[in-house]
Amino acid sequence: LLVLPGHSNIISRIMFTSGLNDDLSHNLISLGLDGTTRVWKISMEGQYMSNQVYSTDDTGAVYDPRNYTGRNKLPEVLCAAVAPDGSWVATGCSDKMVRMYMTGKQTKRAIRYIGHND
């Protein structure tokens, strides 16, 4: 059993990326109602290796769940799609925005696409 703690609210979706990383690990992606997308690196033996946290906080601040309560609640991450090579994750959020993140990079700020009215 492998437990991956980190989300501070309900996890709305989880998915594995297709293919392997250069070190033969897999990526597991979890989407949370806490406003975060997490990319978990899992070894072939099923061991946790590392993770990256991407937040719907568009300021680029380091995610700390204590900063996002009540009125400061982040937009929820509801769905996602992953590029075939795993280099990009696109998320659909409760604020009607699509955010795209380049995985494996130091910068965690999203490219935002606005346009949904429904």
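**Observations concerning the environment of Asp95**
Part 1 of the reasoning: Relative to the assigned elements, Asp95 resides in the loop between strand S6 (88-93) and strand S7 (97-102).
Part 2 of the reasoning: Along the primary structure Asp95 and Leu74 are separated by 21 residues, whereas in three dimensions their C-alpha atoms are 9.1 Å apart.
Part 3 of the reasoning: In this structure the side chain of Asp95 is engaged in a polar contact, spanning 3.3 Å, whose partner is the backbone nitrogen of Met97.

**Some thoughts on the pairing of strand S3 (residues 36-42)**
Part 1 of the reasoning: Burial runs high along S3: six of the seven residues are buried.
Part 2 of the reasoning: Across six bridges, the pairing between strand S2 (residues 26-32) and S3 is antiparallel. Each residue of the ladder has a partner; that of His26, found in S3, is Ile42.
Part 3 of the reasoning: Two elements, S3 and strand S4 (residues 48-55), share seven bridges in a ladder whose sense is antiparallel. Counterpart to Lys41 in the pairing with S4 is Ser50.
Part 4 of the reasoning: As consecutive antiparallel partners, S3 and S4 are separated by five residues, and within that stretch Gly46 has a phi angle of approximately 85 degrees, a positive value.

**A closer look at the environment of Val89**
Part 1 of the reasoning: Along the polypeptide, Val89 turns up in strand S6.
Part 2 of the reasoning: Accessibility expressed as a relative area gives 1% for Val89, which makes it buried.
Part 3 of the reasoning: When sequence neighbours within four positions are dropped, the list of residues in contact with Val89 reads Ile29, Thr37, Ala80, Ala81, Val82, Arg99, Met100, Tyr101 and Thr103.

**Some remarks on the sheet that holds strand S1 (residues 11-16)**
Part 1 of the reasoning: One open sheet accounts for four strands, arranged S1-S2-S3-S4; its pairing is antiparallel. Since the sheet does not close on itself, it has two edges, and those belong to S1 and S4, each with one partner. Direction aside, neighbouring strands of the sheet carry axes that sit 20 degrees apart on average.

**Details of a nonpolar patch on the surface**
Part 1 of the reasoning: Taken together, Leu20, Leu24 and Met44 make up a surface patch of nonpolar side chains, about 300 Å² in accessible area.
Part 2 of the reasoning: You can see Leu24 is positioned in the loop between S1 and S2.

**Here we look at the pairing of S2**
Part 1 of the reasoning: Burial analysis of S2 places six of its seven residues in the buried class, which makes it a mostly covered element.
Part 2 of the reasoning: Here S1 runs beside S2; their pairing, made up of five bridges, is antiparallel. If you follow Ile14 over to S2, its bridge partner there is Ser30.

**So, the pattern of salt bridges**
Where charged atoms from two side chains of opposite charge come close, those side chains can pair.
Part 1 of the reasoning: Per the counting criterion, the structure on display carries two salt bridges.
Part 2 of the reasoning: In this structure, Lys41 and Asp23 form a salt bridge, with 2.9 Å as the shortest nitrogen-oxygen distance. Pair noted here: Lys41 is in strand S3 and Asp23 is in the loop between S1 and S2, with a separation of 18 residues, a long-range link.
Part 3 of the reasoning: Judged by relative accessible area, which is 37%, Asp23 ranks as partly exposed.
Part 4 of the reasoning: Residue Asp95 pairs with Arg99 through a salt bridge whose shortest N-O separation is 2.8 Å.

The rules we used
- Residues numbered from 1 in each chain as written.
- Predicted model: local features only at pLDDT ≥ 70, side-chain atom pairs only at ≥ 80, totals over all residues.
- Heavy atoms only, no water.
- Helix = DSSP H or I, 4+ residues; strand = E, 2+ residues; numbered from the N terminus.
- Polar contact = N/O pair within 3.5 Å; in protein donor to acceptor, adjacent residues only side chain to side chain.
- Buried < 20%, exposed > 50% of the residue type's maximum accessible area, 1.4 Å probe, protein only.
- Pairing = 2+ DSSP bridges.
- Contact = heavy atoms within 4.5 Å.
- Axes fitted to C-alpha atoms, helices over the stretch in contact; angles between N-to-C directions.
- Patch = residues over 30% accessible without salt bridge, like charges linked within 9 Å, V, L, I, M, F, W, Y side chains within 5 Å.
- Areas by Shrake-Rupley, 256 points an atom, 1.4 Å probe, with all protein chains shown as cover.
- Salt bridge = Lys/Arg side-chain N within 4 Å of Asp/Glu carboxyl O.

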